[in-house]
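A closer look at the structure
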Amino acid sequence: MSCISRLRMRRSSAYGSFVPKLLEQKSPEERLWSCKMERKLEAKIPIEAASPLGTLESSMDAENVLVKPCSFNQTCTRQKPKWHTFRVLPIAILTVSSCQIGFHLYSTPSFNKLLRFEPNKRLEVWRYFTYMLVHDGWSHLALNVVMQCIFAALLEISQGRLRVLTIYVLGGVTGILGAACLHPDLVVGASAGGYSLLLSNVADLVLNFHTINYRIYRAISISTLIIFDVIYDIVHIYSSREPQVSWQAHFFGGLTGLFLGLVVFKCNKPTKSTRVFFCLGLTLYFIFIASFIVLMAQIEKCGTKGLIRRQFVYLC
């Protein structure tokens, strides 16, 4: 009898004495499971694979292979898939929107006057930021919250929360600076930040056009929203209905999102044109800021003290 035959007999006798004892002590389901495990073990360690050359040394090595019996008490633990993670949620813009809703719920008219933008109080720097918390009513607040969440949802996933939040805040500040220079009046609302997010989607498309999913549909959607808003602003301005829309804040806030998007957003496949877009956006934004600061200083120097147009409260 060859070594391989003797090894097969030993293996069959070992399984023959071990498996039946286990099967007698287990339930039918566990017996079926143990039989399946035995077949897997036989398929996993065949004798021919253990001694491919048929020599005595290789057969003895195969004989020393120990097959550990599986414990029936072990349970297979599978990690549950994470369907929802914080990474795919626009946490930054949701936090800002929650603050705006909470402020509108609990704020008082006197506190709103302290935070809204007034051109005769240009030196109160906090007003350039806090006017975005004040809204004229629930419809005004709901429109701004819904639009800014839609515009920021995809950007936060692809570009990160910090970049999106930076563009949102700076868009609001630059928008109110432009409105204060061209048409100084009372302004409340956060539309300048929302429009900066809208136009920053254009910058994202320019930088990552070949890597963005559904880029054609996204470009069509952004173009449609821009055209619709331009028509709405023109109709609202010429209708002279109160409250008026601060198109200046919309315009300069949107341009800020476009220029800063070229600067702040990351490019998945950088090229030579990426550097050109970066320099162009940074240069144009600093020209905007420098021009607005100079104009604000001239208005403060040459304007009548305490002058403010109170015909309308402008919504942004």
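Only a predicted model underlies this, so the values are computations on that prediction, with no experimental measurement involved. (Residues numbered from 1 in each chain as written. Predicted model: local features only at pLDDT ≥ 70, side-chain atom pairs only at ≥ 80, totals over all residues. Heavy atoms only, no water.)

Moving on: the overall build of the protein chain. Of regular secondary structure, the protein chain possesses 13 helices and two strands. When each of the 316 residues of the protein chain is scored for burial, the buried share is 37%. For the protein chain, long-range pairs separated by at least 24 residues make up 78% of all intrachain contacts whose partners lie at least 6 apart in sequence. Of the roughly 19600 Å² that the protein chain leaves accessible, carbon and sulfur atoms contribute 66%. (Helix = DSSP H or I, 4+ residues; strand = E, 2+ residues; numbered from the N terminus. Buried < 20%, exposed > 50% of the residue type's maximum accessible area, 1.4 Å probe, protein only. Contact = heavy atoms within 4.5 Å. Areas by Shrake-Rupley, 256 points an atom, 1.4 Å probe, with all protein chains shown as cover.)

Looking now at the packing of helix α8 (residues 138-159) against helix α10 (residues 191-207). If you want to describe how two helices pack, look at the angle between their axes and the distance between the axes. It is at 9 Å that the axes of α8 and α10 come closest, and there the two elements cross at 35 degrees. In the packing of α8 onto α10, the handedness of the crossing is left-handed. On α10, the residues that touch Asn-144, Gln-148, Phe-151, Ala-152, Leu-155, Ser-158 and Gln-159 of α8 are Ser-191, Gly-194, Leu-197, Leu-198, Ser-200, Asn-201 and Asp-204. Residues belonging to the contact of α8 with α10 are distributed by class as follows: five nonpolar, eight polar and one charged. (Axes fitted to C-alpha atoms, helices over the stretch in contact; angles between N-to-C directions. Left-handed = near helix turned anticlockwise from the far one by under 90°. Nonpolar A, V, L, I, M, F, W, Y, C, P; charged D, E, K, R; others polar.)

As enumerated under the stated definition, the model contains nine aromatic pairs in all. Ring geometry for Phe-117 and Tyr-128: centres 5.4 Å apart, planes at 55 degrees, overall tilted. With a gap of eleven residues between them, Phe-117 in the loop between α6 (109-115) and α7 (127-130) and Tyr-128 in helix α7 connect regions that are remote in the sequence. Residue classification places Tyr-128 among the buried positions, given a relative accessible area of 9%. With centroids separated by 5.2 Å and ring planes inclined at 75 degrees, the aromatic side chains of Phe-251 and Phe-252 adopt a geometry described as edge-to-face. Owing to a relative accessible area of 43%, Phe-251 belongs among the partly exposed residues under this scheme. Assessed through its relative accessible area of 9%, Phe-252 is described here as buried. Three or more aromatic residues link up through ring pairs in this structure, and these residues are Phe-251, Phe-252, Phe-259, Phe-288 and Phe-292. (Phe/Tyr/Trp six-rings, centres within 6.5 Å; stacked < 30°, edge-to-face > 60°.)

On to the nonpolar core. Core analysis: the largest hydrophobic core is formed by 46 residues, its most contacted members being Phe-117, Tyr-128, Tyr-131, Tyr-168, Ile-176, Leu-177 and Leu-197. Within the residue set of this core, elements represented by two or more residues are α5 (91-106), α8, α9 (161-182), α10, α12 (247-264) and α13 (272-302). Broken down by element, this core gets its largest block of residues, nine residues, from α9. Excluding its chain neighbours within four sequence positions, the residues that come into contact with Phe-117 are Arg-127, Tyr-128, Tyr-131, Ile-176, Ala-180, Asp-185, Leu-186 and Val-187. (Core = buried A, V, L, I, M, F, W, Y, C linked by side-chain atoms within 4.5 Å.)

Moving on: helix α11 (residues 215-239). A rise of 1.5 Å per residue sets the reference length of α11, with its 25 residues, at 36 Å; its end C-alpha atoms lie 36 Å apart and thus fit the reference within 8%. For α11, the complete set of buried residues consists of Arg-218, Ile-222, Asp-229, Asp-233 and His-236. Buried residues in α11 make contact with α8, α10 and α12. (Expected span 1.5 Å × (residues − 1).)

Time to look at the pattern of salt bridges. Enumeration over the complete set of coordinates arrives at five salt bridges. Put simply, Glu-118 and Arg-116 hold a salt bridge, and the shortest N to O gap is 2.9 Å. Arg-116 carries the same exposure label as Glu-118, and that label is buried. Salt-bridge contacts for Glu-156 lead to Arg-161; the nearest nitrogen and oxygen are separated by 3.8 Å. Given the relative accessible area of 5%, Glu-156 is considered buried. Taking the relative accessible area as the measure of exposure, Arg-161 reaches 33% and is therefore partly exposed. Here the salt bridges share partners, and the residues they tie into one network are Arg-116, Glu-118 and Lys-121. (Salt bridge = Lys/Arg side-chain N within 4 Å of Asp/Glu carboxyl O.)

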